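Residues per chain, in single letters:
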Amino acid sequence: MVKENKSIQGIFNRIAPVYDQLNDRLSLGQHRIWKKMAVGWSGAKPGDTALDLCCGSGDLALLLAQQVGAPGQVFGVDFSSCQLDIAQHRPRPFTIPTAQISWLEADVLRLPFADNTFDCATMGYGLRNVVDIPRSLEELHRVLKPGAKAAILDFHRPQGSLLRTFQQWYLQHFVVETADKFGFREEYAYINPSLDQFPIGTEQILLAQQAGFSTATHYPIASGMMGILVITKGNTTIGKKIVLGQ
């Protein structure tokens, strides 16, 4: 497990210099819309203390900073020092005051925060890459305040063989071939096999419920090839509810 974690960490360190550029090309710019949706579903509001897990180069954390405003605070956490270096020096494209952002290199399986710290959280393309999904959800549950929400954006295997076949073709022939032009073929070839092992929406819902979240809804987007898991930490341990979004 440690070896696997180091391997994924190495991938994100290597692709850091072109990560944003490739995200724009490979999603045709749509990832920016999906991330705004995730911030909206996180329930972030002015004055909140917000958490962005697997923050990468920082674009989701910046959106959170804009949403919670100057009274709020944002913590961006990632295990890739190279991604964090880019995030720290990334310009803020806002003219209004935004929250202070603290960038931390840490493992999402062992978060360096006290229980019940955060009002909301996001995670973009991170859950699929952790080596222990149940434990990562348990850690997220631990650090959220009662009543807080988190929105987790990631790839999703669509229902229907035609859409899944198209997704596999797109990842193999467009994503990998585009990444190859930047010298990162191997680093992006892992996405397809990782998606084969990644829990689908209904399975993510059950994992979230097992981690203690009171409500969980999975929203398929982009024809089901992407998805956002929205989870809420209950105010009590009674009355857990699971909502099947797909």
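Residues numbered from 1 in each chain as written. Predicted model: local features only at pLDDT ≥ 70, side-chain atom pairs only at ≥ 80, totals over all residues. Heavy atoms only, no water.

- An unreviewed UniProt entry lists the protein under the name 2-phytyl-1,4-naphtoquinone methyltransferase, with Planktothrix paucivesiculata PCC 9631 given as the organism.
- Quoted verbatim from the Function (unreviewed entry) field of UniProt, the annotation for the protein is "Methyltransferase required for the conversion of 2-phytyl-1,4-beta-naphthoquinol to phylloquinol."
- Taken directly from UniProt, the Pathway (unreviewed entry) text for the protein runs: "Cofactor biosynthesis; phylloquinone biosynthesis." (UniProt positions renumbered as here; feature names shortened; annotations may be inferred.)

### Looking at the packing of aromatic side chains
Logical step 1: Enumeration according to the criterion identifies 8 aromatic pairs in this entry.
Logical step 2: Ring geometry for Phe75 and Phe113: centres 5.5 Å apart, planes at 70°, overall edge-to-face. In this pair, Phe75 is assigned in strand 2 (residues 73–78) and Phe113 in the loop between strand 3 (100–105) and strand 4 (118–124), connecting sequence segments 38 residues apart. Each member of the pair Phe75 and Phe113 is classed as buried.
Logical step 3: Aromatic pair Phe166 and Tyr170: ring centres 6.0 Å apart, planes at 35°, arrangement tilted. On the criterion of helical spacing, the pair formed by Phe166 and Tyr170 is a turn pair, its members being 4 residues apart in helix 7 (residues 161–181).
Logical step 4: Given a relative accessible area of 38%, Phe166 falls into the partly exposed group.
Logical step 5: Here a set of aromatic residues connected by ring pairs shows up, and it is made of Phe166, Trp169, Tyr170 and Phe174. (Phe/Tyr/Trp six-rings, centres within 6.5 Å; stacked < 30°, edge-to-face > 60°. Helix = DSSP H or I, 4+ residues; strand = E, 2+ residues; numbered from the N terminus. Buried < 20%, exposed > 50% of the residue type's maximum accessible area, 1.4 Å probe, protein only.)

### Some remarks on unusual backbone geometry
Logical step 1: Positive phi, close to 55°, is recorded for Cys54, a residue that is not glycine.
Logical step 2: Looking at the element boundaries, Cys54 is found in the loop between strand 1 (49–53) and helix 4 (59–68).

### Structural notes on empty space enclosed by the protein
Over the atoms, a rolling probe the size of a water molecule traces out where space has been left empty.
Logical step 1: Evaluation of the coordinates by the stated rule reveals 1 cavity of 30 Å³ or more.
Logical step 2: Lining the largest cavity we find 25 residues, and of these Cys54, Cys55, Asp78, Tyr125 and Gly126 sit closest to its centre.
Logical step 3: When residues of the lining of the largest cavity are traced back to their parent elements, those giving at least two are helix 1 (2–15), helix 4 and strand 2.
Logical step 4: Along the lines of polarity and charge, the residues of the lining of the largest cavity split into 13 nonpolar, 7 polar and 5 charged. (1 Å grid on protein atoms, 1.4 Å probe; cavity = no way out; pocket = protein on both sides within 12 Å on 5 of 7 lines; lining within 4 Å. Points joined across faces, edges and corners; volume = space filled by probe spheres on them. Nonpolar A, V, L, I, M, F, W, Y, C, P; charged D, E, K, R; others polar.)

### A word on the pattern of salt bridges
Charged atoms that come close allow side chains of opposite charge to pair.
Logical step 1: Summed over the entire model, instances satisfying the criterion amount to 11 salt bridges.
Logical step 2: Here Glu139 ties to Arg142 by a salt bridge, and the two come within 2.7 Å at their closest N and O atoms. One end of the pair is Glu139 and the other is Arg142, both in helix 6 (residues 133–143) and 3 residues apart, which spans about a single turn.
Logical step 3: Judged by relative accessible area, which is 22%, Arg142 ranks as partly exposed.
Logical step 4: The structure contains a network of salt bridges with shared partners spanning Asp115, Glu139 and Arg142. (Salt bridge = Lys/Arg side-chain N within 4 Å of Asp/Glu carboxyl O.)

### Brief notes about the nonpolar core
Logical step 1: With 60 residues, the main nonpolar core has Leu51, Leu140, Tyr188 and Ile231 as its most contacted residues.
Logical step 2: In terms of residue count, the dominant contributor to this core is strand 5 (residues 144–155) (7 residues).
Logical step 3: Leaving out residues up to four positions away in the same chain, Ile231 has contacts with Leu137, Leu140, Ala148, Lys149, Ala150, Ile152, Ala208, Phe213, Thr215 and Ala216.
Logical step 4: Listed in part, the 18 residues of the second largest apolar core include Leu64, Ala65, Val74 and Ala87. (Core = buried A, V, L, I, M, F, W, Y, C linked by side-chain atoms within 4.5 Å. Contact = heavy atoms within 4.5 Å.)

### Overview of the sheet that holds strand 5
Logical step 1: What the 7 strands build is an open sheet, ordered 3-2-1-4-5-7-6; its pairing is mixed. The sheet is open, and its two edges are formed by strand 3 and strand 6 (215–221), each paired on a single side. Averaged over all adjacent pairs, the angle separating strand axes in this sheet is 15°, with direction ignored.
Logical step 2: Relative to strand 7 (residues 226–232), strand 5 is paired through 7 bridges, and the arrangement is antiparallel. By the bridge assignment, Ala150 is partnered in strand 7 with Ile231.
Logical step 3: Those strands touched by helix 6 are strand 1, strand 4, strand 5 and strand 7, and its axis lies near 145° from that of strand 5. (Pairing = 2+ DSSP bridges. Axes fitted to C-alpha atoms, helices over the stretch in contact; angles between N-to-C directions.)

### Focus on the side chain of His141
Logical step 1: Residue position: His141 is located in helix 6.
Logical step 2: With a relative accessible area of 17%, His141 lands in the buried category.
Logical step 3: Polar contacts involving the side chain of His141 include one to the main-chain carbonyl oxygen of Gly212, which spans 3.0 Å.
Logical step 4: His141 has contacts with Ala211, Gly212, Phe213 and Lys233, leaving out every residue within four places of it along the chain. (Polar contact = N/O pair within 3.5 Å; in protein donor to acceptor, adjacent residues only side chain to side chain.)

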